[in-house]
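One-letter residues, chain by chain:
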Amino acid sequence: MGMGGGGSPELYQYQAGDPRLPDGQRKSRLLGPLRAEGARGVAIAVVSTVVVLALLVWAVTSSPNWPEVKQAFFDPEEFKRVFPDIARAFLRNIKYFLIAEVFILAWALVLAVLRSLQGPVFFPLRALSIVYTDLFRGIPTVLVVYLLGFGIPSLGLPGVPSGAAFWGVVGLILSYSAYVAEVYRAGIESVHPSQAAAARSLGLSRAKTLRFVIIPQAVRRVIPPLLNDFIGLQKDTALVAFVVAIPEAFKQGQIYQAADFNFTPLLAVALMFLLITVPLTRFTDWLLERQRRRRQAGVAA
Amino acid sequence: MNANGSALTVVDLHKSFGKLEVLRGIDLEVDEHEVVCLIGASGSGKSTLLRCMNLLEPIDRGRIAIEGQDVTVPGVDVNRIRQRVGIVFQAFNLFPHMTVLRNITLGPTEALGTSKTEARRLSLELLERFGLADKSDDYPDRLSGGQQQRVAIVRALAMKPDIMLLDEVTSALDPELVAEVLNVIRELAAGGMTMVIATHEMGFARDIANRVCFLDEGVILEEGTPGQIFSAPREERTQRFLQSIIEAGRM
């Protein structure tokens, strides 16, 4: 029995760590239960973690093939030598990511709004949006990046950018917009029709109803799933490696791996991605948790 | 406004949802400054009638005129019509992502083209008048149901409508919060606002209405002054409805 016993009586019905506990009782899925179990719980957790980790390290490093594995994947000298170059190349991944994300957020919203238009007049636009999302969700992103990144520059069209990286990023934008459009659409459909009725009853046009009432609420609700797509996109910037001449992180890692016969550079690349994606994932979880808490608080009130 | 003083005219209004005919020929005339209460069982068509009057539901047959202007002919600007006809819903339908003040200024600024400063001034004045001045910066979920519904009424009033439609505005409220909302409506009636009110609050209807209409299965079965309808209803179904209300202790 943890802190439930000492608290106010209405907490009795809940287990320690229950997400329905009032704000401040439980912040993290991982650490929350510990906090609820008090100092003794923390001590036990620390000891058991140390023991498990020590056993793992011992099991791995004492295996007969460890020296070769270490040599091929975890060579500290190699790591130190290649890391600056890989970090520099990774800046390109971040650049691709940031540029792509801005266009994806805008283009996907256009697609989602087109699809939500009602009335027979808008049928062609609606159909276009549906066909678009079906197509780009159905084709592997790597294929789109490859087709655009190699295909379009090879045409040598006058007045059209011929950079492989440019078209690779365009491929990411086209592909991810289809997914993000679906996320937006789910958000738009989750806003109760009575909200639109209230806005229309004030004399607001359809467009203004969407802009001021529907979309702001829809976007707020889908921020966590949008972040999930951000994380996917951040990882998939590595796909541009297939088409570019100027290396981004993955390509840079491959170059070193091939030259040095060692996989450590690729692990360095993996580390770079983790540095971005793990905090983003934790942040997304936190947002989801907060949203759920607020919803429950709203229901309770 | 117009010669015959009729604010709202409904002629032979029919409305179906799929196979279900909810309104089966409604005729209703509301004069300026008149308060008409619609009573009747759930499903008798009160809400649908109000939503049709605000053009939130397309109608199947018949005619609706606002101050003599037929608003059911093709080509009317529905947004302009709605700006003149305010509606308040049972479930408030406030915009949860906006402050109270923004809820109220949205219509004037975005539909009427009122300047931000003017809309703000008008809204604060209305909030003050209805005892909500200190709530202007709160979000709707911080307010009680009664306060939310009063904000919804203020939101509709900020459009300076000629007619207000109230759709069971106290039905979603806890009993102790009903009075504060009814008082606001009484004040509007005293100020001469033309209103059509769907309600289950019979005592309130008796007090406030110039005329009471009993809706039954999509038609106005009986109408008259509150005295006639509540004290001496002619139709058997009206009598039965009122009897059931009395038995439920709601009158």
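Shown above is the structure to which this text applies.
Residues numbered from 1 in each chain as written. Chains lettered and ligands numbered in written order. Predicted model: local features only at pLDDT ≥ 70, side-chain atom pairs only at ≥ 80, totals over all residues. Heavy atoms only, no water.

Trainee: Sorry, what's going on with the overall build of chain B here?
Mentor: Assigned secondary structure in chain B consists of nine helices and ten strands. Taken against the 2.2 N^0.38 rule, which gives 18 Å for 251 residues, the C-alpha radius of gyration of chain B at 18 Å falls within 12% of a compact globule. Counting every position in chain B, which comprises 251 residues, the buried fraction comes to 57%. Considering only residue pairs separated by 6 or more positions, chain B has 66% of its internal contacts joining residues 24 or more positions apart. Across chain B, the 27 positively charged side chains and the 36 negatively charged ones have centroids separated by 3 Å. (Helix = DSSP H or I, 4+ residues; strand = E, 2+ residues; numbered from the N terminus. Rg over C-alpha atoms; globule rule 2.2 N^0.38 Å. Buried < 20%, exposed > 50% of the residue type's maximum accessible area, 1.4 Å probe, protein only. Contact = heavy atoms within 4.5 Å. Lys, Arg positive; Asp, Glu negative; His and termini not counted. Charge placed at Lys NZ, Arg CZ, Asp CG, Glu CD.)

Trainee: Explain the side chain of D167(B) to me, please; I cannot follow it from the model alone.
Mentor: Residues and elements named next belong to chain B. Residue placement: D167 occurs in strand β7 (residues 163-167). For D167, the side chain forms a polar contact with the side chain of S47, separated by 2.7 Å. Apart from the residues lying within four places of it in its own chain, the contact partners of D167 are S47, L50, V88, F89, Q90 and A198. (Polar contact = N/O pair within 3.5 Å; in protein donor to acceptor, adjacent residues only side chain to side chain.)

Trainee: Looking at this structure, I do not really get the pattern of salt bridges. What am I missing?
Mentor: A side chain of one charge can pair with a side chain of the opposite charge when the charged atoms of the two come close. Taken as a whole and judged by the stated rule, the model has 28 salt bridges over all chains. A salt bridge links E182(A) to R137(A); the nearest nitrogen and oxygen atoms lie 3.9 Å apart. Of this pair, E182(A) sits in helix α6 (residues 164-190) while R137(A) sits in helix α4 (residues 123-138), and the two are 45 residues apart along the sequence. Owing to a relative accessible area of 16%, E182(A) belongs among the buried residues under this scheme. Given the relative accessible area of 37%, R137(A) is considered partly exposed. As a salt-bridge pair, E57(B) and R51(B) come within 3.2 Å of each other at their nearest N and O atoms. Among the residues examined, E57(B) registers a relative accessible area of 16% and is labelled buried. R51(B) sits in the partly exposed class, given a relative accessible area of 23%. (Salt bridge = Lys/Arg side-chain N within 4 Å of Asp/Glu carboxyl O.)

Trainee: Would you mind going over the sheet that holds strand β9 (residues 211-216) of chain B with me for this structure?
Mentor: What holds strands together in a sheet is hydrogen bonding between their backbones, with the strands either parallel or antiparallel. All names here are of chain B. Spatially, six strands are ordered β6-β7-β8-β3-β9-β10 in an open sheet, and the strand pairing comes out mixed. Each edge of the sheet is formed by a strand with only one pairing partner; in this case those strands are β6 (85-88) and β10 (219-224). Recorded for the sheet is a direction-independent mean angle of 20° between the axes of neighbouring strands. The pairing of β9 with β10 spans five bridges and is antiparallel. Counted as the bridge partner of D216 is V219 from β10. Lying on the sheet, helix α5 (residues 145-157) is in contact with β6 and β7; it crosses β6 at an angle near 170°. (Pairing = 2+ DSSP bridges. Axes fitted to C-alpha atoms, helices over the stretch in contact; angles between N-to-C directions.)

Trainee: Looking at this model, I keep getting lost on the packing of α6(A) against helix α8 (residues 206-236) of chain A. Mind explaining?
Mentor: Angle between the axes and distance between the axes: these two values describe a pair of packed helices. All names here are of chain A. Axis separation between α6 and α8 bottoms out at 8 Å; the angle between their running directions is 150°. Judged by the inter-axis angle, α6 sits roughly antiparallel to α8. Crossing hand, α6 versus α8: right-handed. Contact with α6, carried on its side by L172, Y176, Y179, V180, V183, Y184, G187, I188 and S190, involves I214, A218, V219, R221, V222, P225, L226, D229, G232, L233 and D236 of α8 and no other residues of that element. The residue inventory of the contact of α6 with α8, partitioned by class, reads 14 nonpolar, three polar and three charged. (Parallel < 35°, antiparallel > 145°, perpendicular 65-115°, else oblique. Left-handed = near helix turned anticlockwise from the far one by under 90°. Nonpolar A, V, L, I, M, F, W, Y, C, P; charged D, E, K, R; others polar.)

Trainee: Can you walk me through the nonpolar core in this structure?
Mentor: Proteins that are soluble and globular tend to have nonpolar side chains buried together. Counting 87 residues, the largest nonpolar core has I26(B), L28(B), L38(B) and M53(B) as the members making the most contacts within it. By residue number, the principal contributor to this core is α6(A), which donates 13 residues. When neighbours within four sequence positions are excluded, M53(B) is seen to be in contact with L8(B), V10(B), L28(B), I64(B), I66(B), L165(B) and V196(B). In terms of nonpolar packing, the next biggest core, distinct from the first, is built from 48 residues, L101(B), L127(B), V181(B) and A205(B) among them. (Core = buried A, V, L, I, M, F, W, Y, C linked by side-chain atoms within 4.5 Å.)

Trainee: Looking at this structure, I do not really get the sheet that holds strand β5 (residues 69-70) of chain B. What am I missing?
Mentor: Residues and elements named next belong to chain B. Pairing is antiparallel across the open sheet formed by four strands, whose spatial order is β2-β1-β4-β5. On the outer flanks of this sheet lie β2 (20-31) and β5, each paired with one strand and no other. Bridge analysis of strand β1 (residues 6-17) against β2 gives nine bridges, and the strand direction is antiparallel. Residue pairing in the sheet places V10 in a bridge with L28 of β2. Sitting on the sheet, helix α1 (residues 46-53) touches β1, β2 and β4 (61-66), and the angle it makes with β1 is about 120°.

Trainee: Quick question: what am I supposed to make of the pairing of strand β3 (residues 35-39) of chain B here?
Mentor: Moving residue by residue along a regular strand, the side chains alternate between the two faces of the sheet. Residues and elements named next belong to chain B. Summarising burial for β3: five of the five residues are buried, a large majority. Residues V35, C37 and I39 point to one face of β3 and V36 and L38 to the other, with burial holding for every one of them. Two strands pair when backbone bridges link them, and β3 and strand β8 (residues 194-198) are joined in this way by four bridges, in the parallel orientation. Residue pairing in the sheet places V35 in a bridge with M195 of β8.

Trainee: Just checking my understanding: could you explain the interface of chain A and chain B for this structure?
Mentor: Accessible area lost during the coming together of the parts is what is often quoted as the interface size. Residue-level contacts link 17 residues of chain A with 23 residues of chain B. Counting each side, the surface lost to burial between chain A and chain B is near 1,600 Å², with a carbon and sulfur contribution of 62%. Considering only the surface of chain A that becomes buried against chain B, S201(A), L202(A) and F212(A) emerge as the three largest contributors, covering 35% of it. For the salt bridge of E110(B) with K208(A), the shortest nitrogen-to-oxygen distance reads 3.4 Å. Those elements that provide at least two residues to the side of chain A that touches chain B are α7 (193-201) and α8 of chain A. No other element matches α7(A), which puts seven residues into the side of chain A that touches chain B. (Buried area = accessible area lost by both parts, 1.4 Å probe.)

Trainee: Looking at this structure, I do not really get the packing of aromatic side chains. What am I missing?
Mentor: Each aromatic ring pair is specified by the distance between its two centres and by the angle formed by the two planes. Residue and element names in this part refer to chain A. Considering all chains together, one arrives at 13 aromatic pairs over all chains under this definition. Judged by centre distance (5.1 Å) and plane angle (85°), the ring pair of F90 and F273 falls under edge-to-face. One end of the pair, F90, is in helix α3 (residues 76-116); the other, F273, is in helix α10 (residues 264-300), and 183 residues separate them in sequence. For F90, a relative accessible area of 3% gives the class buried. (Phe/Tyr/Trp six-rings, centres within 6.5 Å; stacked < 30°, edge-to-face > 60°.)

Trainee: It is not clear to me how the packing of helix α3 (residues 100-112) of chain B against helix α4 (residues 116-129) of chain B should be interpreted in this structure. Could you clarify?
Mentor: Residue and element names in this part refer to chain B. At a minimum axis distance of 9 Å, the contact between α3 and α4 shows a crossing angle of 130°. Relative to α4, α3 is oriented oblique. Considering how the two elements wind past one another, α3 and α4 form a crossing that is right-handed. For the pair α3 and α4, the contacting residues are V100, L101, I104, T105, P108 and T109 in the first and K116, A119, R120, S123, L124 and L127 in the second. Broken down by class, the residue content of the contact of α3 with α4 amounts to seven nonpolar, three polar and two charged.

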